[in-house]
Structure formats: C-alpha cells, structure tokens
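Tertiary structure, described
This is what each chain is made of:
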Amino acid sequence: MLAGVRLAFLAGLLLGAFPAPRPLLLLRPASACSGKIDLAFCLDGSGSMSGAGWTSVQAWTQDFIRTFSNDGANMGAGNDESGLKVAIFQFASYVTSFTKTANGGGDSFLADYQLALSAAGTPRKSGGTETDDCIRDAHAALLDVNEGARDGASKLLVILTDGAPNSESSAISAARAARGDNIRIIGVGVDTGGCYTGCKPYPYGGGDWSNTKLVTPPHDDHYIKLGTYGDLTTKLVTVTSMACPVDCSGTWGEWTTCSKTTGRRQRAYVVINPAQDSGQACPPDEDEACEVPCESSWGAWGDCNEVTGKQKRAAVVDVQPLNGGAACPADEIRDCDVPCEFTW
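The rules behind each value
- Chains are numbered independently. Their residues run from 1 in the order of the written sequence.
- Totals for whole chains, interfaces and linings use every residue, but because this is a predicted model, local features are given only for residues with pLDDT of at least 70 and side-chain atom pairs only at 80 or more, for both listing and counting.
- Side-chain calculation: all heavy atoms of the structure are included, whereas hydrogens and water are not.
- The numbering of helices and of strands both runs from the N terminus, where a helix is a DSSP run of H or I of at least 4 residues and a strand a run of E of at least 2.
- For every residue, the accessible area obtained with a 1.4 Å probe (protein chains only) is divided by the maximum for its type, and the residue is called buried under 20%, exposed over 50%, and partly exposed between those limits.
- Contacts are assigned to residue pairs with any non-hydrogen atoms lying within 4.5 Å of each other.
- Note on areas: Shrake-Rupley, 1.4 Å probe, and residue coverage restricted to the protein chains presented here.
- What a helix is expected to span follows from its residue count: subtract one and scale by 1.5 Å.
- Within this document, salt bridges are pairs made up of a side-chain nitrogen of Lys or Arg and a carboxyl oxygen of Asp or Glu, the two lying within 4 Å of each other.
- Stacked, edge-to-face and tilted labels apply to pairs of Phe, Tyr and Trp rings (six-membered ring for Trp) whose centres lie within 6.5 Å, assigned for plane angles under 30 degrees, over 60, and everything in between, in that order.
- Note on criteria: charge over ring means Lys NZ or Arg CZ within 6 Å of the ring centre, with the direction from the centre no more than 35 degrees off the ring normal.
- Two strands qualify as a pair provided that DSSP identifies no fewer than 2 bridges between them.
- Only the stretch in contact is used when fitting a helix axis, every axis being a line fitted to C-alpha atoms; angles between N-to-C directions are given from 0 to 180 degrees.
- Under this definition, polar contacts are N or O atom pairs within 3.5 Å; protein pairs additionally need one hydrogen-donor-capable and one acceptor-capable atom, and for neighbouring residues in sequence, both atoms have to be side-chain atoms.
- Throughout, the term roughly parallel applies to angles under 35 degrees, roughly antiparallel to angles over 145, roughly perpendicular to angles from 65 to 115, and oblique to all others.
- Handedness of a crossing is defined here by the sense of rotation of the near helix relative to the far one, left-handed for an anticlockwise turn of less than a right angle and right-handed for a clockwise turn.
- As a working rule, the residues Ala, Val, Leu, Ile, Met, Phe, Trp, Tyr, Cys and Pro are called nonpolar, Asp, Glu, Lys and Arg charged, and the rest polar, with Gly in that last group.
- For this text, the term disulfide refers to a pair of cysteine sulfurs within 2.5 Å.
- Only buried residues count toward a nonpolar core. Its members are Ala, Val, Leu, Ile, Met, Phe, Trp, Tyr and Cys residues joined through side-chain atoms within 4.5 Å.

**Quick notes on the overall build of the protein**
- Along the protein, the regular secondary structure elements total 11 helices and 14 strands.
- Evaluated residue by residue, the protein yields a buried proportion of 43% over its 344 residues.
- If you take every contact in the protein between residues at least 6 apart in sequence, the share linking residues at least 24 apart comes to 70%.
- Split by element, the accessible area of the protein, about 16,700 Å² in all, is 53% carbon and sulfur.

Here it is, written out as structure tokens:
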C-alpha cells in the first residue's frame, strides 16, 4: 500500500525547515496510502484548545486526508468500495460526528473527497476531554456497515489531543476494546505538557504518559508528541507514514506434482514482506484438483474361443484416472486360429 514508507518518514523529519503552512504537496505520492481502508479521526476540541490551535487542527486534518488519499484519487467513491473512507469525530464534553453532520445525518464514513475536506473544517464544540467516549463512538462506527464502514477493510483510528483524558482508566479500557477488534490506533499529542527530553523512566511526560497507553503497541511506532501546533504541518508525512497499513508482498511458488492418489496439487506463497499494521494478509496455500491419467499395462491374451474364433486381453491398471485424466484402455479383442477338430 505504501510506497517508500521509510523514505517518507525521513522526509517528514527533514521538512521542518519549510515555513509555509502546507509544504508537503510534492510528497503526496510518496506518502499516499491505497487500499480498502476505513479511517476515523478523534479530534480534541476541549476548552484547553485555543482558537488558533483548532484552526491548525482543521488544516492538518484536511492535509492528512489530501496526502493519505493522494488528493482524493484513492478515495472509494461511487461504486468503488475498494478505496479510502473517512469519518471525523470531535470530542469535548460530548462527541460529535462532523462527517455525519456534513452528510445530512447519513453515514459517518464518507467516500466523497470534497465532503470529507469540508467536514474537517467544522467549528469545534468546546468542553471537557472525553477521549474515552470518542474512542467508543469511533470503534462502533468502524464496525458498523450502517455507518458506511466495510467488512474486510483495514481499520484505523487517529487520535489528536492536547492533553490527558478526563478518565484515563475509561479511555484505556475503550482503546483496549478497539484494538481487540483489530483497530489500529495512532496518537498525536500536541503541547501536552511535561518533559520533552531526558524523561525517565519513559520518554513521555504530561498528557503523553496517558495517551501512549491508548495507541497500538509498540508506542514509539504509533505515537508522536509535538511541542507546538506548528509542528503538525512539518510532521504530517511522519504521521501518514505511521498510519498506512502495509500489505503482504511475495510471489507464488511452483505447483507440486499432482498426487496420483488424491488428484490434488498444492502451491505456497513465498513471502518477501509480511503484512504490517492491519495490511492485507498473505494468501494461504492453494490446493486444487489436477488431472491424473490412467497408468496401465497389457495383460496376457486369453485363450482362443473355439466358437467365435476370438481372444481378448485386459489392461492391468496401476493408477486409476482422476479429474478428467486420460481413461484406461478398453479390453482388446482379436481373431485367433481355431483348428479343425474331427474324428473318423
């Protein structure tokens, strides 16, 4: 799914020198993600979030969708259900589905690229930090076909927050349940407080200490802490690279020799790179029917029939034909000499 994940990651780390608000447009092909993916956002709109901070969050979410979908080219629009679909939830004292509202009260998951971008620009609703409620709502939507989610899609939840949940234990429980249903959780902490260097015993402090407990392990692969909202733009590719599932890749091996006993043959998939982060799994070994021809040899000719002047021989079958293989030969009949027998 992801072309050049490691290169995109390094590019994201190096892009801090660009001051423009959206400097990553040229990198989209390298960090775009294709495949059948249901992507949900939980965006923190609590009272600690400043107006300018929320503006940055809106722009970041829109750029995430642009980058991740390759400017909409990988969205599952129309009858194409194989691409990306997006749901956006904002949490404060309660949870709001921005995409459901933008969709006129319909599905939370959208395949409409422009409508998803529009939903990401929705004004926030301030209040507490009920991260747990957002995780539960996103979890339920990611599994609900009535919300536009799809069976067989990779499930991804991105949480962006500027602090710890109001209830850490409840948020941890909600996240554990979501991960138990194969939902991969990525966390982005912005200006969450606490130490940023030399932290012990774990390299996170403040709200990050709580938030790292929500994401999919290992934490360092699924959580990024940012000092300011300005860092959202410069680290965009880093986060999209974290988020993209990686499909299994490999080649099919050769078919085994057809079994003369069962009429079956097998081949195995030779894995080059295993699936990662809920990417498409490697295919199982294949087993199929195959033709088995008859194998036989001719038996001896029988006695000559004195009445008919015929004799026959039958095939001695070593291997019976299977699955349309060449049939065994029928008995052979030939003329034979019958001498005159008489008495005077």
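**Quick notes on helix 7 (residues 168-180)**
- Its 13 residues place the ends of helix 7 18 Å apart at the C-alpha level, agreeing with the 18 Å of an ideal helix rising 1.5 Å per residue.
- Looking only at helix 7, the buried set comprises Ser170, Ala171, Ile172, Ala174, Ala175 and Ala178.
- Against the buried residues of helix 7 lie helix 6 (131-142) and strand 5 (183-190).

**Here's the deal with the pattern of salt bridges**
- Within this structure, the stated rule accounts for 13 salt bridges.
- Between Asp132 and Arg136 there is a salt bridge, with the nearest N and O atoms lying 3.0 Å from each other. Here Arg136 and Asp132 lie together in helix 6, a separation of four residues that amounts to about one turn.
- The class for Asp132 is buried, based on a relative accessible area of 5%.

**Overview of the packing of aromatic side chains**
- The final tally for this structure, using the stated rule, is seven aromatic pairs.
- Both rings, one in Phe64 and one in Phe68, keep their centres 5.3 Å apart while their planes meet at 35°; by these two values the pair is tilted. Of this pair, Phe64 and Phe68 both sit in helix 3 (residues 51-68), separated by four residues, roughly a single helical turn.
- Relative to Tyr269, the ring of Trp252 lies with its centre 5.1 Å away and its plane at 75°, an arrangement referred to as edge-to-face. Here Trp252 is found in strand 7 (residues 249-252), whereas its partner Tyr269 is found in strand 9 (residues 269-273), with 17 residues between them in sequence.
- On the accessibility criterion, Trp252 (29% relative accessible area) is partly exposed.
- Ring pairing ties together the aromatic residues Phe41, Trp60, Phe64 and Phe68, which thus form one cluster.
- Over the ring of Trp252 we find Arg267; its NZ or CZ atom is 4.4 Å from the centre of that ring.

**Description of the sheet that holds strand 6 (residues 223-226)**
- One open sheet accounts for six strands, arranged 3-2-1-4-5-6; its pairing is mixed. Each end of this open sheet is capped by a strand with a single partner; those strands are strand 3 (95-97) and strand 6. Adjacent strand axes in the sheet meet at a mean angle of 20°, parallel and antiparallel pairs treated alike.
- Taken together, the seven bridges between strand 1 (residues 37-44) and strand 4 (residues 154-161) define a ladder with parallel strand orientation. Considered in strand 4, the bridge of Ile37 is made with Ser154.
- This element, helix 11 (residues 236-243), spans strand 4, strand 5 and strand 6 of the sheet and lies at about 160° to strand 5.

**A look at the side chain of Thr99**
- Checked against the element boundaries, Thr99 lands in helix 4 (residues 98-102).
- At 2.6 Å, the side chain of Thr99 forms a polar contact with the backbone oxygen of Ser108.
- In this view, Thr99 contacts Val86, Ala87, Ile88, Asp107, Ser108, Leu110 and Ala119; residues no more than four positions away in its chain are not counted.

**Observations concerning the packing of helix 3 against helix 5 (residues 113-120)**
- Two elements in contact, helix 3 and helix 5, have axes separated by 8 Å at closest approach and are oriented at 160°. Judged by the angle between their axes, helix 3 and helix 5 are roughly antiparallel. In the packing of helix 3 onto helix 5, the handedness of the crossing is right-handed. From helix 3, Gln58, Thr61, Gln62, Ile65 and Arg66 reach across to helix 5, where they touch Tyr113, Ala116, Leu117 and Ala120.
- When grouped by side-chain class, the residues that make up the contact of helix 3 with helix 5 number five nonpolar, three polar and one charged.

**So, the state of the cysteines**
- The tally for this structure, following the rule as stated, stands at five disulfides.
- Each disulfide pairs two cysteine sulfurs, and for Cys42 the partner residue is Cys134, the sulfurs being separated by 2.2 Å. Disulfide Cys42-Cys134: torsion about the S-S bond near -105°, hence left-handed. Of this pair, Cys42 sits in strand 1 while Cys134 is found in helix 6, placing the two residues 92 residues apart along the sequence. Grouping residues by exposure puts Cys42 and Cys134 together as buried.

**Side note on the nonpolar core**
- With 37 residues, the main nonpolar core has Phe41, Trp60, Phe64 and Phe68 as its most contacted residues.
- At the level of secondary structure, the elements contributing two or more residues to this core comprise strand 1, helix 3, strand 2 (84-91), helix 5, strand 4, strand 5, strand 6 and helix 11.
- Residues Phe89, Phe91, Ala141 and Tyr223 belong to the second largest nonpolar core, which totals 25 residues.

**Concerning helix 3**
- Here helix 3 spans 26 Å end to end across 18 residues, near enough to the 26 Å set by a 1.5 Å rise per residue.
- Counting buried positions over the 18 residues of helix 3 gives 13, a clear majority of the element.
- Following helix 3 by one or two positions, Asn70 adopts a phi angle in the positive range, close to 55°.

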